[in-house]
Amino acid sequence: MLKPECVGQPSIGVVSVGFSCRPCAVQPPPARYGGRHTVTLIPGDGIGPELANHVRELFWFCCVPVDFELVNVDSSLTAEDDINNAIMSIRRNGVALKGNLETNHNLPPSYKSRNNLLRTSLDLYANVMHCQSLPGVKTRHRNIDIMIIRENTEGEYSSLEHESVPGVVECLKIITRVNSLRIADFAFQTARQNGRRRITAVHKANIMKLGDGLFLECCKEVASGYPDIAFDTLIVDNATMQLVSRPQQFDMMLMPNLYGNVVSNVCAGLVGGPGLVPGANHGEHYALFEAGTRNTGRSIANRNSANPTAMLLASCLLLDHLKLPAYAHMIRRATLSTVTETRMHTADLGGQASTSDVIKSIRNAIQSTGPLTQSI
Amino acid sequence: VAMAGNAWRSMIHTVTMIPGDGIGPEISSAVMKIFEAAKAPIQWEERNVTAIKGPGGKWMIPPDAKESMDQSKIGLKGPLKTPIAAGHPSMNLLLRKTFDLYANVRPCVSIEGYKTPYTDVNLVTIRENTEGEYSGIEHVIVDGVVQSIKLITEDASRRIAEYAFEYARNNQRSSVTAVHKANIMRMSDGLFLRKCREVAETYKDIKFTEMYLDTVCLNMVQDPTQFDVLVMPNLYGDILSDLCAGLIGGLGVTPSGNIGANGVAIFESVHGTAPDIAGLDMANPTALLLSAVMMLRHMGLHEYGKKIETACFDTIRDKKVLTKDLGGNSKCSEFTADICRRVVDMD
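So, how was this worked out
Residues numbered from 1 in each chain as written. Chains lettered and ligands numbered in written order. Predicted model: local features only at pLDDT ≥ 70, side-chain atom pairs only at ≥ 80, totals over all residues. Heavy atoms only, no water. Helix = DSSP H or I, 4+ residues; strand = E, 2+ residues; numbered from the N terminus. Rg over C-alpha atoms; globule rule 2.2 N^0.38 Å. Buried < 20%, exposed > 50% of the residue type's maximum accessible area, 1.4 Å probe, protein only. Contact = heavy atoms within 4.5 Å. Lys, Arg positive; Asp, Glu negative; His and termini not counted. Charge placed at Lys NZ, Arg CZ, Asp CG, Glu CD. pLDDT = per-residue confidence, 0-100. Pairing = 2+ DSSP bridges. Axes fitted to C-alpha atoms, helices over the stretch in contact; angles between N-to-C directions. UniProt positions renumbered as here; feature names shortened; annotations may be inferred. Buried area = accessible area lost by both parts, 1.4 Å probe. Salt bridge = Lys/Arg side-chain N within 4 Å of Asp/Glu carboxyl O. Polar contact = N/O pair within 3.5 Å; in protein donor to acceptor, adjacent residues only side chain to side chain. Nonpolar A, V, L, I, M, F, W, Y, C, P; charged D, E, K, R; others polar. Right-handed = clockwise from strand over helix to strand, strands pointing away. Core = buried A, V, L, I, M, F, W, Y, C linked by side-chain atoms within 4.5 Å. Phe/Tyr/Trp six-rings, centres within 6.5 Å; stacked < 30°, edge-to-face > 60°.

1. Things to note about the overall build of chain A
Move 1: Each helix and strand in chain A was counted, giving 10 helices and 13 strands.
Move 2: Relative to the 2.2 N^0.38 estimate, which gives 21 Å for 376 residues, the radius of gyration of chain A is 20 Å and therefore close to what a compact globule would have.
Move 3: Structurally, chain A occupies a C-alpha span of about 65 × 50 × 40 Å along its principal axes.
Move 4: In chain A, which comprises 376 residues, the share counted as buried stands at 61%.
Move 5: Contacts spanning at least 24 positions in sequence make up 75% of the contacts within chain A whose residues lie at least 6 apart.
Move 6: Side chains of chain A give 35 positive and 33 negative charges; the mean places of these two sets differ by 7 Å.

Given below as structure tokens:
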């Protein structure tokens, strides 16, 4: 019943790590016409467009039965037409792959973060990030394997602020029983499906007694229904301290929105940085895949130096979701072997390879394993 | 009243010492012993801090403690236990409110000899300590929906920003980074950011940058050397200061200072009371000692601070008399005696 998703291989072969994670929510299969899936693709800003192109080209190369519906969102416009088009497209297709959209935080509050709008409009309530140490990537800590489940729609990201008196701003953090129960249930079901033995809830209920207190209460309630999975809690500041000293102690971590932001970035940094870890956002009806730490990478845009690993692994999560496991496995295997065996590393990993070097290496790896690809 | 450097240094300064609970008394006496060995011009005034109910039913600290602090302006505090369901707020909160301790300062420097995966950490976190997410204002809107209010004010933001830049200038730090999440919390963190920018204008000699909280976390665990002084609102400060403490070895070796209005400053160790080892001569006084060193620097007594800090680091680097938490099995008194010996030898 409890089948671990990871399949460990001896060190000679490719470590077929379970970067995929089957989430629990029973979702209807996305739209599928003529055997081909249509997926919304939002390139985003910074390194987004170039990486989106690489995904498209690689999918074409591998003859993946996915057609991308490209939706450009111009984050410099204050009108919300672009993002609404994107939302409509995702409602239609059911799945999306996206790059990060820049938010100019100097604009007035009426200009909302486009990324956040997507998540809240589509009710993508669960953010899943699987951080795993990779052989061949130099980091200070080894043997990290943490799955992070982060509530993705409420908490501190409710965008409810007002200036009650000039010079005094109130920002509301909302925690609800419904959403807390929902994310806790998602976490426990995902844990079961992926062979996770322990969930640690991260909170600050000693200070935010009602808000985080409610979140904890809901987690405990759900935990009681899963006696096979151990459950404990940890205050967020202690959690970060533990993460930088002994991250191996954690299995799965569950938390509200803002702490999720902090913890997922800490964990991504611990396993090698933003270029390596993909992220998934799940709702009841839709799924959205992206690079886990949601960076725009403005300073390295269009220099052919970005690390495509995170985006490619995100596209593999997408393929898992579309129930195309063979393609997912093929691309994931090639991508990971490029990082761990061939060790073709971009600058963020301390190497000197360009993005196209890495892509070429991945294509070679795919071609050498035999399946039919386009000839190039 | 400004005093010429030498006159100030030859004065004996009174410092209010709050030993605290658990291991508090033993580490406080360790610090006092070391200060005596260093012949530091400090006169300790011991006070206890417990919550008492004042006239009008408001919880407050004992009047003799308050009086001592108001006079001396400088305090050194050990860990205080936070009772659950005692009916009164935590002692730390009471102290904070009584003296308007608006800035929490934690210098995080890698300790040579106490190895962690991170070497060369040298940064300072400055955390706004009065408002933000810790305003304590929460409501149940309807059953199952809770709202917690995060309060950001112009005055508090300006005050902390000014302190951060002053600190940077006084301590020869080259840059200040404001940590925020204004992309999501546009109005509140936006206000904080605007005040930081305004203050930065008047400190052109210090470099000012802004960074998202998640980016700081991501970069901090990969390369902490890129950070210098960080200034931020309450919650981010809480998380980041503990994260940075984790980089250098934890709360047992991290100093901390709280700066208040009217020149009051209370330096403290931020670890717990460790009731399981209290009274067993096993405690590690490093955190309280380094906080005391921070206090000496704050008071302008830099040579004494340097002397005591060097002795402490030398003892740790030597690895011969380390307490249990540092990986040895010596007693607190042995550790303290070694530092005292080094301090005396330096003269």
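2. Describing the confidence of the model for chain A
Close reading of the predicted structure is inappropriate where its pLDDT is low.
Move 1: A residue-level look at chain A finds 90% of positions with pLDDT of 70 or above and a mean pLDDT of 91.
Move 2: Taken together, the stretch residues 1–19 of chain A has pLDDT below 50 and engages in 40 contacts with residues farther than four places along the chain or on a different chain.

3. Topic: the sheet that holds strand E7 (residues 155–165) of chain A
Move 1: Read across the open sheet, the four strands follow the order E7(A)-E8(A)-E9(B)-E8(B); overall the sheet is antiparallel. With partners counted over all chains shown, the strands left at the sheet margins are E7 of chain A together with strand E8 (138–142) of chain B, one partner each. Neighbour-to-neighbour, the strand axes of the sheet open up by a mean angle of 30°, direction not taken into account.
Move 2: The sheet contact formed by E7 of chain A and strand E8 (residues 168–176) of chain A spans six bridges and is antiparallel. Counted as the bridge partner of Glu163 of chain A is Val169 of chain A from E8 of chain A.

4. A look at the sheet that holds strand E12 (residues 229–232) of chain B
All names here are of chain B.
Move 1: The sheet built from 10 strands is open, its strands ordered E2-E1-E5-E14-E13-E6-E7-E12-E10-E11 with mixed pairing. Strands at the two margins of the open sheet, each flanked by one partner only, are strand E2 (42–46) and strand E11 (207–212). Each neighbouring strand pair of the sheet contributes to a mean axis angle of 25°, computed without reference to strand direction.
Move 2: Pairing between strand E5 (residues 74–77) and strand E14 (residues 265–269): four bridges, direction parallel.

5. Let's talk about the UniProt feature "domain: Isopropylmalate dehydrogenase-like" (unreviewed entry) in chain A
Move 1: The sites that carry the UniProt feature "domain: Isopropylmalate dehydrogenase-like" (unreviewed entry) are, in the present numbering, residues 38–362 of chain A.
Move 2: Taken end to end, residues 38–362 of chain A has its terminal C-alpha atoms 24 Å apart, with 39% of it in helix and 23% in strand.

6. Remarks on the interface of chain B and chain A
Interface size is commonly expressed as the accessible surface area that is lost when the partners come together.
Move 1: Taken together, the contact between chain B and chain A spans 50 residues of the former and 57 residues of the latter.
Move 2: Together, the buried faces of chain B and chain A total about 4,500 Å²; carbon and sulfur atoms form 64% of this surface.
Move 3: Interface area lost by chain B to chain A is led by Ile184, Arg186 and Met187 of chain B, which between them contribute 16%.
Move 4: Asp238 of chain B serves as the salt-bridge partner of Lys204 of chain A, at 2.7 Å between the closest nitrogen and oxygen.
Move 5: Summed over the shared surface of chain B and chain A, the number is 25 residue pairs in polar contact (both at pLDDT 80 or more).
Move 6: Put simply, the parts of the chain that give the side of chain B that touches chain A at least two residues each are E8, strand E9 (145–153), helix H6 (186–201), E11, helix H7 (213–222) and helix H8 (234–248) of chain B.
Move 7: By residue number, the principal contributor to the side of chain B that touches chain A is E9 of chain B, which donates nine residues.
Move 8: Taken together, the residues that form the side of chain B that touches chain A break down as 27 nonpolar, 12 polar and 11 charged.

7. Structural notes on the pairing of strand E1 (residues 13–18) of chain B
Residue and element names in this part refer to chain B.
Move 1: Within E1, five of the six residues are buried, which leaves the element mostly enclosed by the surrounding structure.
Move 2: One crossover worth recording links E1 to the parallel E2 by way of helix H2 (residues 24–37), and it is right-handed.
Move 3: The sheet contact formed by E1 and E5 spans three bridges and is parallel. In the strand pairing of E5, Thr16 is matched with Gly75.

8. Structural notes on the nonpolar core
Move 1: Residues Phe35, Leu76, Ile126 and Val231 of chain B are the most contacted members of the largest nonpolar core, which totals 69 residues.
Move 2: In terms of residue count, helix H9 (residues 286–298) of chain B provides more of this core than any other element does, eight residues in total.
Move 3: Ignoring sequence-local partners within four residues, the contact set of Leu76 of chain B consists of Val15, Thr16, Met17, Ile18, Val31, Trp44, Phe267, Leu288, Ser291, Ala292 and Met295 of chain B.
Move 4: Listed in part, the 59 residues of the second largest apolar core include Met129, Val202 and Leu313 of chain A together with Leu230 of chain B.

9. Section: the pattern of salt bridges
Any two side chains of opposite charge can pair, given that their charged atoms come close.
Move 1: In this structure the tally under the stated criterion is 45 salt bridges over all chains.
Move 2: Among the salt bridges present, the one from Asp145 of chain A reaches Arg196 of chain A, with a minimum N-O distance of 2.7 Å. Of this pair, Asp145 of chain A sits in strand E6 (residues 145–151) while Arg196 of chain A sits in the loop between helix H4 (177–193) and strand E9 (198–203); the two residues are 51 residues apart in sequence, bridging distant segments of the chain.
Move 3: What makes Asp145 of chain A partly exposed here is its relative accessible area of 26%.
Move 4: Residue Arg196 of chain A is classed as buried on the basis of its relative accessible area of 6%.
Move 5: Here Glu133 of chain B and Lys150 of chain B are joined by a salt bridge, their closest N and O atoms 3.2 Å apart. With a gap of 17 residues between them, Glu133 of chain B in the loop between strand E7 (122–128) and E8 and Lys150 of chain B in strand E9 connect regions that are remote in the sequence.
Move 6: Connected through salt bridges with shared partners, the residues Asp318, Lys320, Asp338, Arg341, Arg342 and Asp345 of chain B form a single ionic network.

10. A look at the packing of aromatic side chains
All names here are of chain A.
Move 1: Tallied over the full model, the rule gives nine aromatic pairs over all chains.
Move 2: With centroids separated by 5.9 Å and ring planes inclined at 85°, the aromatic side chains of Tyr125 and Phe186 adopt a geometry described as edge-to-face. In this pair, Tyr125 sits in the loop between helix H3 (114–121) and strand E5 (126–132) while Phe186 sits in helix H4, placing the two residues 61 residues apart along the sequence. Note on accessibility: Tyr125 and Phe186 belong to one class, buried.

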